[in-house]
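The residues making up each chain are set out below.
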Amino acid sequence: MSDLGSEELEEEGENDLGEYDGERNEAGERHGHGKARLPNGDTYEGSYQHGKRHGQGIYKFKSGARYIGEYVKNKKHGRGTFIYPDGSRYEGEWADDRRQGYGVYYYVNNDTYTGEWFAHQRHGQGTYFYAETGSKYVGTWVNGQQEGMAELIHLNHRYQGKFLNKNGEEGEEEEVTLMTVVPKWKATSITELALWTPTLPEEQPPADGTIQEEAPGPEGGGEPAEDDQALADLSEGEADLTRPGEDDEDATREAGHEDGREELRYGAIDQGNVNFEEEESKQGEQPA
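Residues numbered from 1 in each chain as written. Predicted model: local features only at pLDDT ≥ 70, side-chain atom pairs only at ≥ 80, totals over all residues. Heavy atoms only, no water.

Q: Got a sec to walk through the overall build of the protein chain? Specific residues and values, please.
A: When helices and strands are tallied, the protein chain shows two helices and 14 strands. Going through the 288 residues of the protein chain one by one, you find that 22% of them count as buried. Contacts in the protein chain between residues at least 24 apart in sequence constitute 14% of all its contacts with a sequence separation of at least 6. Accessible area for the protein chain stands at about 21,600 Å²; split by element, carbon and sulfur atoms hold 50% of it. (Helix = DSSP H or I, 4+ residues; strand = E, 2+ residues; numbered from the N terminus. Buried < 20%, exposed > 50% of the residue type's maximum accessible area, 1.4 Å probe, protein only. Contact = heavy atoms within 4.5 Å. Areas by Shrake-Rupley, 256 points an atom, 1.4 Å probe, with all protein chains shown as cover.)

Q: Could you give an account of the pairing of strand 8 (residues 98-106), naming the residues involved and the relevant values?
A: When strand 7 (residues 89-95) meets strand 8, the two strands line up antiparallel, connected through six bridges. Along strand 8, the bridge assignment pairs Ala95 with Arg98. Taking the residues between adjacent antiparallel strands as the criterion, strand 7 and strand 8 are bridged by two residues, where Asp96 takes a positive phi near 55°. Taken together, the six bridges between strand 8 and strand 9 (residues 112-118) define a ladder with antiparallel strand orientation. Residue pairing for strand 9: Tyr106 is matched across the bridge by Thr112. Hairpin connection of strand 8 to strand 9: five residues between the antiparallel strands, including Asn110 at a positive phi of 75°. (Pairing = 2+ DSSP bridges.)

Q: Residue-level account of the environment of His50, with values.
A: Tracing the sequence through the fold places His50 in the loop between strand 3 (43-49) and strand 4 (52-60). Put simply, His50 and Glu29 are 21 residues apart on the chain and 5.5 Å apart in space, counted from C-alpha to C-alpha. Those residues in contact with His50 that lie beyond four places of it in its chain are Asn25, Glu29, Arg30 and His31. Of the polar contacts made by the side chain of His50, one reaches the side chain of Glu29; its length is 3.3 Å. (Polar contact = N/O pair within 3.5 Å; in protein donor to acceptor, adjacent residues only side chain to side chain.)

Worth remembering: the numbers are spatial, not functional.
Okay, here's the thing in structure tokens:
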């Protein structure tokens, strides 16, 4: 992935004044804060010193690119962010209008380079991450090329060795087993659990020796009331059987009268028979 150098997007020089609206010094130079519209269509807003961009400022190119950062005598110098027309951007250190020092470049394909720069080039120690494959190169760069001792790490293996013009010259390749890291916790103490069984208090017998029946509980709906009514009816019937009533006396009395009448009737019959026999004995046998 090539880098777009800011040399391809040259800013207007100090002699291309254009329109200016801002502070000036006694000599009439742009000095302090101001806004400028340059003849090529670029714009700048920020600090000036003796007619030059100096300090913090924002430079917008007509192509859509822009730089936000520090200037020293019309040159990008210090820390700054440059956003290129293709959408890539560099965030880091600048020197003499070039990417130089430590910085991060974000490419349009989501690759990234993090490390040292010199004269717009990846130079020194740095890490390049390949978004498409998930691999990364960690090692030395020379003038934008992978060169020197480095490590190329892939998803399931890695290569360690010496690179020359982006190719591994000699080295060792090793398989890497990827393991899923599972969070673990350490218990400070372990307590054994026991099942809890409720114990009911023993019921004490009453002092007088009688057993009290339990009153029906709230559960059971209306059935206990019906049982109570049946017990009440049964008790009344038992009371009728155990207690002599007027019906029994009338029955006994009636039975006595019947017995008396039977005795009188049988007595009359016997008396009649006696009289008939006496009369018959007096008349004798009658002729046929």
